[in-house]
Every structure is written in structure tokens, then in C-alpha cells.
Amino acid sequence: MSTSDATSSMGGSSLEGLEPPFRPAVERPNKFQHIPAEWEASGTVEPGSLILYGSSIMRRWKEAEADWDPLPTYNRGFGGSRTWEAVEYLNIILSYRPRVIVFYCGTNDVTFHEERGTPQEEALNEIIDNITIILRTTEATGIQMILGSLIRSPQKREKSWMLDLVDKANKKLIELCEEHPHAEFVDINPLVEDEHGNPIASLYEPDGLHYRRSGYVRVAAALKEPVYRRWEKQTRRPTKRHSRQRVVAKL
């Protein structure tokens, strides 16, 4: 099945001017040209599945299939990816015809823009514009979306510029989900911070960015209710915005 056939078969809706291959808000070098071949070599994906998509926070979730059993689950995270690369490979994700996508991406953009010296507002707009492309496209195809909050990790707290951008991006993602009824923002940060708002160091790898297994247990706990709710909702697209589109995780 071609990508265009796959997108037209999901929900029967037009992409309203968004046609594959999808282009990010700003054209930037893609350092993951090998990823499509790796995904193809990993085997077929069952239509109507749960897809984990995004950067290394997704890719390193080794126990995801067991954590989401009995939902058919496939991990399509690729480490180091930025939102523009997630847009470029969206056509492949759509060709799987997933039921629900759990999406996490953006923290690598923060690092990229900090190192490049991008003005913060410009960096924020690019991140949100790319995620908007993903949401507009998945909404048109009837796929339910879960957006995980960008992590206020120890690594991102090393520079106030980066942490401030993470916080601003999360605020914008909340607003974005309010505009797209098929999408739901899940704030994972409360589960990985102590009562004072500081990161719980034992949940992180030595790099201060990626989770240990104990961290993923908390991530799964945060996502469980929203994922199952969206799983059941997929076949009946909502006609109005719901007050539960923002979820603050509780353990």
C-alpha cells in the first residue's frame, strides 16, 4: 500500500493541502537517512496499532511492548531526532495506519538551537510549527495523538535558556492540543520530580537526560489512562473540545 493510499483510507478525510512527502517548517539537514531502511528491515507493522514515535526517549523504551500489552505496540523512536526529522518521516508512520501515536520530540531541538544561538522565540516557533504539521496531518487521517511533555531533565536545567524554552514549549503544546480535539497533552514532569520540583536523580541515566527502567515505569503510569481513552475514541472522532485534553500525571 502506498503512503497516499494509506492516508486516504484512515478516516476518509483529506489532508487539506498536506500531502506526502511532508516538509518541516524550516528545511534543515537530516542526519537519519538510514532510518527508513532500518524500520523496513524490522518487519511489518500491524494496522490499527499503538506507535511510539519521536526521539531517544521513545527509542530507549526497551520494555514498551510488554508495558503496553495487550495493545499491539511498535517503537519507531530514533535517537537524536529533532522535530523536523519527525515531520520528514511522518509519511512512513502514516503508512502503518496506527490507531494511536504517542509522540515525544523536541528536547533535541532545544539543544540544537541553544548551541546554534537561535533566538529563543524563533526556536520556539519552529518547534511548535513542526508539531502543528504533525497534528494537522494526523487529525485529517483520524489518528489519535498523545503528546508527552518535554522533560525538565537535569541536563536541560544546566542552562536557564534551555529550561525556559522547555517550559515555553510545553505551554504552547497545551494550547495546541486545545485546538486539536484528536490530541491530548500529558504532563509527565510531576511524576519525575520531587515535591520541590527538582528532578529525581535515581530515575535518570548518568547523562541526566535519559530514563532508567524506573523512570519508564513512571512514564507508563502517566500515559496509561490517556492512551486507553484515546484507543477507545479512535473510531468516533470528537465533535467538541474536551476538558480532559490536558493531563497532569499522578502516580
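Residues numbered from 1 in each chain as written. Predicted model: local features only at pLDDT ≥ 70, side-chain atom pairs only at ≥ 80, totals over all residues. Heavy atoms only, no water.

Here's the deal with the packing of aromatic side chains
To describe a pair of aromatic rings, you give the distance between the ring centres and the angle between the ring planes.
Now for step 1: Under the defined criterion, the tally for this structure stands at 13 aromatic pairs.
Now for step 2: For the pair Trp39 and Tyr53, a centre-to-centre distance of 6.3 Å together with 65 degrees between the ring planes defines the contact as edge-to-face. Of the two residues, Trp39 sits in helix α2 (residues 35-41) while Tyr53 sits in strand β1 (residues 50-54), which places them 14 residues apart along the sequence. Comparing Trp39 with Tyr53, the two get one shared label, buried.
Now for step 3: Measuring from ring centre to ring centre gives 5.7 Å for Trp39 and Phe78, while their planes differ by 80 degrees; the resulting arrangement is edge-to-face. In this pair, Trp39 sits in helix α2 while Phe78 sits in the loop between β2 (73-77) and α5 (83-88), placing the two residues 39 residues apart along the sequence. Accessibility assignment for this pair places Trp39 and Phe78 in one class, buried.
Now for step 4: Taken together, the ring pairs connect Phe32, Trp39, Tyr53, Phe78, Tyr89 and Phe103 into an aromatic cluster.
Now for step 5: Over the face of the ring belonging to Trp84 we find Arg28, whose NZ or CZ atom lies 5.7 Å from the ring centre. (Phe/Tyr/Trp six-rings, centres within 6.5 Å; stacked < 30°, edge-to-face > 60°. Helix = DSSP H or I, 4+ residues; strand = E, 2+ residues; numbered from the N terminus. Buried < 20%, exposed > 50% of the residue type's maximum accessible area, 1.4 Å probe, protein only. Lys NZ or Arg CZ within 6 Å of the ring centre and 35° of its normal.)

Considering the packing of helix α8 (residues 120-141) against helix α9 (residues 160-179)
Now for step 1: Taken N-terminus to C-terminus, the directions of α8 and α9 make an angle of 35 degrees; their axes are 10 Å apart at the nearest point. Read as a crossing pair, α8 and α9 show a hand that is right-handed. From α8, Gln120, Ala123, Leu124, Ile127, Ile128, Ile131, Thr132 and Leu135 reach across to α9, where they touch Trp161, Asp164, Leu165, Lys168, Ala169, Lys172, Leu173 and Leu176. (Axes fitted to C-alpha atoms, helices over the stretch in contact; angles between N-to-C directions. Left-handed = near helix turned anticlockwise from the far one by under 90°. Contact = heavy atoms within 4.5 Å.)

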